[in-house]
Amino acid sequence: MTELLTAAQMRAIEQVAIESGEVTGLELMERAGQGVVAAVFEEWPELASGSHTAVVLCGPGNNGGDGFVVARLLKDAGWRVEVFLYGGAETLPPDARTNYDRWSALGETRPYFDTGPDAFWLSPQHYGPETVLFDAVFGTGLSRPVRDLNAFGWATQTAAPEAHQPAETPQYIGARVVAIDLPSGLCSDSGRVLRDPEATDPHHEDIRADLTVTFHRAKLGHHLAEGPDMCGTLRIVDIGL
């Protein structure tokens, strides 16, 4: 097995590269998004041609910025792309905000609501095997339980292929789920899902991926505890670090 990194080690590697002047954070974000798209096409070659549907949920940090890059690239490839933002655009870090603006020149970004009349929900009548859900909410730096992601977490669980959910399951959509860096809520160092102990159903927010695309090196959490079950297939993308 190749070297596994902690979240702190990965941040340090990125920071050294940026401070050296050899690459910018924006360039790393672009390479990450390109790597995710390439990994999806390698995993499912049938998606590399034709028009398909991507549903991308972007978070409030740089993981969200990677998601905006993926959205733009798939839109350019002729996909139907829907983008949701968990949080506000005004608080995005500079590089993520740049990619939000680049995406905004192509398509709409809808606010993510976990509850209420505009809550996130994917109808089985309109989404199915030609749909890919992208989890770009939280990356390696998360150290607290995820909250208010019940709707998206449930969508990734009911999107499971037949091996995970029977086809007659209500809300079953049969879509594929891709996590960028690691499934949101999974601790990068321990492989444990950071669940809210006070939640009525703490497992409802778990993000279950068919494919997880990470960058430079695998992280400890990809291989420990719940990590392998939550990540699905793991692909490591070289972004030039």
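Residues numbered from 1 in each chain as written. Predicted model: local features only at pLDDT ≥ 70, side-chain atom pairs only at ≥ 80, totals over all residues. Heavy atoms only, no water.

A few words now on the overall build of the protein chain. When helices and strands are counted, the protein chain shows seven helices and seven strands. Sequence-ordered secondary structure for the protein chain, helices as α and strands as β, is α-α-β-α-β-α-β-β-α-β-β-α-α-β. A compact globule built from 241 residues would reach a C-alpha radius of gyration of about 18 Å, and the protein chain, at 17 Å, matches this within 12%. Taken along the three principal axes of its C-alpha coordinates, the protein chain extends 55 × 40 × 35 Å. The buried share of the protein chain, reckoned over its 241 residues, is 53%. For the protein chain, restricting intrachain contacts to residue pairs at least 6 apart in sequence, the fraction spanning at least 24 positions comes to 77%. With an accessible surface of roughly 10,800 Å², the protein chain has 51% of that area assigned to carbon and sulfur atoms. Taking the 17 positively charged and 34 negatively charged side chains of the protein chain as two groups, their mean positions are separated by 2 Å. (Helix = DSSP H or I, 4+ residues; strand = E, 2+ residues; numbered from the N terminus. Rg over C-alpha atoms; globule rule 2.2 N^0.38 Å. Buried < 20%, exposed > 50% of the residue type's maximum accessible area, 1.4 Å probe, protein only. Contact = heavy atoms within 4.5 Å. Areas by Shrake-Rupley, 256 points an atom, 1.4 Å probe, with all protein chains shown as cover. Lys, Arg positive; Asp, Glu negative; His and termini not counted. Charge placed at Lys NZ, Arg CZ, Asp CG, Glu CD.)

What follows covers the packing of aromatic side chains. Going through the model one piece at a time under the given rule, you end up with seven aromatic pairs. Measuring from centroid to centroid gives 5.4 Å for F68 and Y100, while their planes differ by 80 degrees, and the two rings are edge-to-face. Of this pair, F68 sits in helix 3 (residues 62-76) while Y100 sits in helix 4 (residues 94-104); the two residues are 32 residues apart in sequence, bridging distant segments of the chain. By relative accessible area, F68 is classed as buried at 0%. On the basis of relative accessibility, which here comes to 16%, the residue Y100 falls in the buried class. Centroid distance Y112 to F120: 5.7 Å. Interplanar angle 40 degrees. Geometry classified as tilted. The exposure class of F120 is buried, given its relative accessible area of 7%. Cluster of aromatic residues (ring-pair linked, three or more members): F84, Y86, Y112, F120, F138 and F152. (Phe/Tyr/Trp six-rings, centres within 6.5 Å; stacked < 30°, edge-to-face > 60°.)

Our focus in this paragraph is the sheet that holds strand 5 (residues 176-180). One key point about sheets: their strands pair by backbone hydrogen bonds, in either a parallel or an antiparallel sense. The sheet built from seven strands is open, its strands ordered 3-2-1-4-5-6-7 with parallel pairing. In the strand order of this sheet, the two ends are held by strand 3 (109-111) and strand 7 (233-237), each with one partner. Neighbouring strand axes in the sheet, compared pairwise and without regard to direction, differ in orientation by 20 degrees on average. Of the pairings in the sheet, the one linking strand 1 (residues 53-58) to strand 2 (residues 80-85) comprises six bridges and is parallel in character. Note that in strand 2 the partner of V55 across the bridge is E82. The strands touched by helix 2 (residues 25-43) are strand 4 (131-136), strand 5, strand 6 (211-215) and strand 7; relative to strand 6, the strand with the most contacts, the crossing angle is about 145 degrees. (Pairing = 2+ DSSP bridges. Axes fitted to C-alpha atoms, helices over the stretch in contact; angles between N-to-C directions.)

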